[in-house]
Amino acid sequence: MAKFGYIRTAWRQMLLIVAFVAMISVGYLTLSAVTSCPAEAAACSCGSCVAMAPGVGASFLAVGAQAKLQIAAVTSVINTQYALAAEAFTLQAVTRFGQVVLDIDDWFDTYWYYNEKPAMQASVEQDNVIETMQAATVSMFRDAAELARTQRTLSAAEIQSLRENQPSAQLCTAATAAGGLMRVNAIRRAYANAAPVEAARRTANARGTAAARGSAADIAERWNNIRASYCNAADNNGASGCTENGPMVDADIDVTGTVFMNDTIDLTDTAKRQAVNDLVDNIAEPVAPNNLPSAELNSASGIEASVRRDAYRAQRQAIHTALQHVVARRAPGAGNGEFLAVLRGAAGMSADMLSDNPSHNEILEVMASERFRTGQYSIEQVDAPANNEREIAVQNATEVMLNKDRNDLVDLLSLMVAVEMGIEANDMRRGGGGG
């Protein structure tokens, strides 16, 4: 900015000098153009002019002298007027020259403050700001690029998450079918533990049971139950002890019809639960043991018989546990029967095999088998590749549960084999030869 101020001052001084020189030059040229010539009277020589009369020459001379005086007077007046005019001109020229200087200075001020300086300021502002604006613009471009990349990354992650986590119809079906699995598993475990304990009271001739009065009393009670509930009039060639079939004919001996034909057994029904327990008793312990005579309890034979009775109860308890495990798997409790009924109906299951309160066994049957027979499984597996991965997870979970059930059965079978081997080893130790 100091450089621009110096240039402006130099230009103003140079223009003032040029204007002053021009004014002086114009005044000088103007005044030097005015010249004066003195008046001269010509007098002819005698040879070329007519001879003047006497006295005429004197008259001419007098007139000439008078003319010279008049010319001198006029010249003096003219010089005086010229001096006044020159002085007035000089005064006007100097006054006007000062105004011209002021006008030139005003013009330079106007030009500088309203034209040159704002233009230079705008230029400097543009020069300085344009780099900042360019940096800001480049930053915005970079931010936009980063934002676009971030949005693409987020979109790709959302799409991948949608593919991996969006449930399919088959996944929803499996989730609906397994909805009450935790609850029914708790019921299954509780029933598998409680049922053998309840049967142990008969084995131990506990008070409150018919077996407390001995084997004969237990058989009599069981016979009465058979005639009241399970009697088949056609058995024993018509001599079955009843003339009409009972309301649950042969339920205490029909293993397939009572247990295996039902995916869910309504154990909340007292009659059905009693039929299942009587069926298990017929397999595990058809006849209850007799009580030990009280007189023999303190004898050596009585003590031995008591020890053998304990071994007998343990053996029967193992058998009851294995058999009741199969029944417990069919204990109701899931509470999602209305949903499973639609699926099982689509798979072709008859209405009498459906339960409004499914068991653990029924849920696994639906998940492992029947949902594949609805006619919709293959169609819904091709709508998205991720559905196959989700279905693999469901099938793996189902397979794990089925393997758990098989392992439980293997454990029970191993228990039965261990019991049998224990009995044989005990018989061989006593010299009975096994069997």
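Residues numbered from 1 in each chain as written. Predicted model: local features only at pLDDT ≥ 70, side-chain atom pairs only at ≥ 80, totals over all residues. Heavy atoms only, no water.

Visitor: Looking at this structure, I do not really get the overall build of the protein chain. What am I missing?
Guide: Summing up its helical and strand segments, the protein chain has 12 helices and 0 strands in all. Residues classed as buried in the protein chain amount to 25% of the 435 residues present. Contacts in the protein chain between residues at least 24 apart in sequence constitute 67% of all its contacts with a sequence separation of at least 6. By element, 61% of the accessible surface of the protein chain is carried by carbon and sulfur atoms, the whole surface being about 28300 Å². (Helix = DSSP H or I, 4+ residues; strand = E, 2+ residues; numbered from the N terminus. Buried < 20%, exposed > 50% of the residue type's maximum accessible area, 1.4 Å probe, protein only. Contact = heavy atoms within 4.5 Å. Areas by Shrake-Rupley, 256 points an atom, 1.4 Å probe, with all protein chains shown as cover.)

Visitor: Would you take a moment to explain the pattern of salt bridges for this structure?
Guide: Within the structure shown, the criterion is met by 12 salt bridges. A salt bridge links R202 to D218, with the shortest nitrogen-to-oxygen separation between them at 2.8 Å. With R202 in helix α4 (residues 181–203) and D218 in helix α5 (residues 215–230), the pair connects residues that are 16 residues apart, well separated along the chain. The class of R202 is buried, set by a relative accessible area of 10%. Residue D218 is classed as buried on the basis of its relative accessible area, which comes to 2%. Note that R202 and E285 form a salt bridge whose closest N and O atoms lie 3.7 Å from each other. Linking R202 in helix α4 with E285 in the loop between α7 (270–284) and α8 (300–328), this pair joins segments that are 83 residues apart in sequence. Accessibility classification places R202 together with E285 in one group, the buried group. Residues joined by salt bridges that share partners form a network here, namely D263, R344, E362 and E370. (Salt bridge = Lys/Arg side-chain N within 4 Å of Asp/Glu carboxyl O.)

Visitor: What am I meant to see in the packing of α7 against α8 here?
Guide: Helix packing for two helices is described by the angle between their axes and how far apart those axes are. Where α7 contacts α8, the two axes come as close as 10 Å, and the packing angle between them is 140°. It follows from the interaxial angle that α7 and α8 lie oblique. Considering only the axes of α7 and α8, their crossing is right-handed. Between α7, through V276, N277, V280, D281, I283 and A284, and α8, the contact on the second element is made entirely by R316, I319, H320, L323, Q324 and V327. Looking at the contact of α7 with α8 residue by residue, the classes come out as 7 nonpolar, 3 polar and 2 charged. (Axes fitted to C-alpha atoms, helices over the stretch in contact; angles between N-to-C directions. Parallel < 35°, antiparallel > 145°, perpendicular 65-115°, else oblique. Left-handed = near helix turned anticlockwise from the far one by under 90°. Nonpolar A, V, L, I, M, F, W, Y, C, P; charged D, E, K, R; others polar.)

Visitor: Help me out: how do you make sense of the state of the cysteines in this one?
Guide: Here, disulfide denotes a covalent bond that connects the sulfur atoms of two cysteines. Taken as a whole, this structure holds 1 disulfide when the rule is applied. The side chain of C231 participates in a disulfide bridge whose partner is C242; the two sulfur atoms lie 1.6 Å from each other. As the torsion about the S-S bond is roughly -85°, the C231-C242 disulfide counts as left-handed. Here C242 lies in the loop between α5 and α6 (255–260) and C231 lies in the loop between α5 and α6, a separation of 11 residues in the sequence. For the pair C231 and C242, one class covers both residues: buried. (Disulfide = S-S within 2.5 Å.)

Visitor: Hey, could you run me through a nonpolar patch on the surface in this one?
Guide: Among the surface-exposed residues, L413, V417 and M421 lie close enough to one another that they form a single nonpolar patch of about 290 Å² accessible area. Tracing the sequence through the fold places V417 in helix α12 (residues 385–430). (Patch = residues over 30% accessible without salt bridge, like charges linked within 9 Å, V, L, I, M, F, W, Y side chains within 5 Å.)

Visitor: How should the environment of A305 be read in this particular structure?
Guide: Along the polypeptide, A305 turns up in helix α8. According to the relative accessible area criterion, A305 is partly exposed, its value standing at 25%. Separated by 13 residues in the primary sequence, A305 and L292 have C-alpha atoms spaced 7.8 Å apart.

Visitor: Can you help me understand the environment of D218 in this one?
Guide: Taking the C-alpha atoms as reference, D218 lies 6.7 Å from A288; in sequence the two are 70 residues apart. Not counting residues up to four positions away in its chain, the partners in contact with D218 are R202, A210, A211 and A288.

Visitor: I would appreciate a short explanation of the side chain of D405 in the present structure.
Guide: By the element assignment, D405 lies in helix α12. Reaching out from D405, the side chain makes a polar contact with the side chain of R329 at a distance of 2.8 Å. Discounting residues that sit within four places of it in the chain, D405 has contacts with R329, H360 and L364. (Polar contact = N/O pair within 3.5 Å; in protein donor to acceptor, adjacent residues only side chain to side chain.)

Visitor: Whenever I open this one, helix α10 (residues 360–368) confuses me. Can you help?
Guide: One full turn of an α-helix is made of 3.6 residues, so residues set three or four places apart face in the same direction. With respect to burial, α10 is a largely interior element, 7 of its 9 residues being buried. Along α10, the residues classified as buried are H360, N361, E362, I363, L364, V366 and M367.

Visitor: What exactly am I supposed to notice about the nonpolar core here?
Guide: One broad trend across soluble globular proteins is that nonpolar side chains are buried collectively. Core analysis: the biggest nonpolar cluster contains 13 residues, and I363 and M367 have the highest contact counts within it. Every element with two or more residues in this core is listed here: α3 (169–177), α4, α9 (337–346), α10 and α12. At 4 residues, the largest contribution of residues to this core is made by α10. (Core = buried A, V, L, I, M, F, W, Y, C linked by side-chain atoms within 4.5 Å.)

Visitor: Would you mind showing me how to read α3 here?
Guide: The set of residues buried in α3 consists of Q170, A174 and A177. One face of α3 carries all of its buried residues, which in axial projection span an arc of 65°. (Arc of directions from axis to C-beta.)

Visitor: What should I look at first to understand the confidence of the model for the protein chain in this one?
Guide: Overall, the prediction assigns the protein chain a mean pLDDT of 81, with 83% of residues at 70 or greater. In the model of the protein chain, helix α1 (residues 2–32) stands out as the element of lowest mean pLDDT, 61, in contrast to α7, which has the highest, 93. For residues 33–37, every residue scores under 50 in pLDDT, and the model assigns this stretch 0 contacts once sequence neighbours within four places are set aside. In the predicted structure, residues 39–52 sits below a pLDDT of 50 and forms 4 contacts with residues beyond four places in sequence or in another chain. (pLDDT = per-residue confidence, 0-100.)

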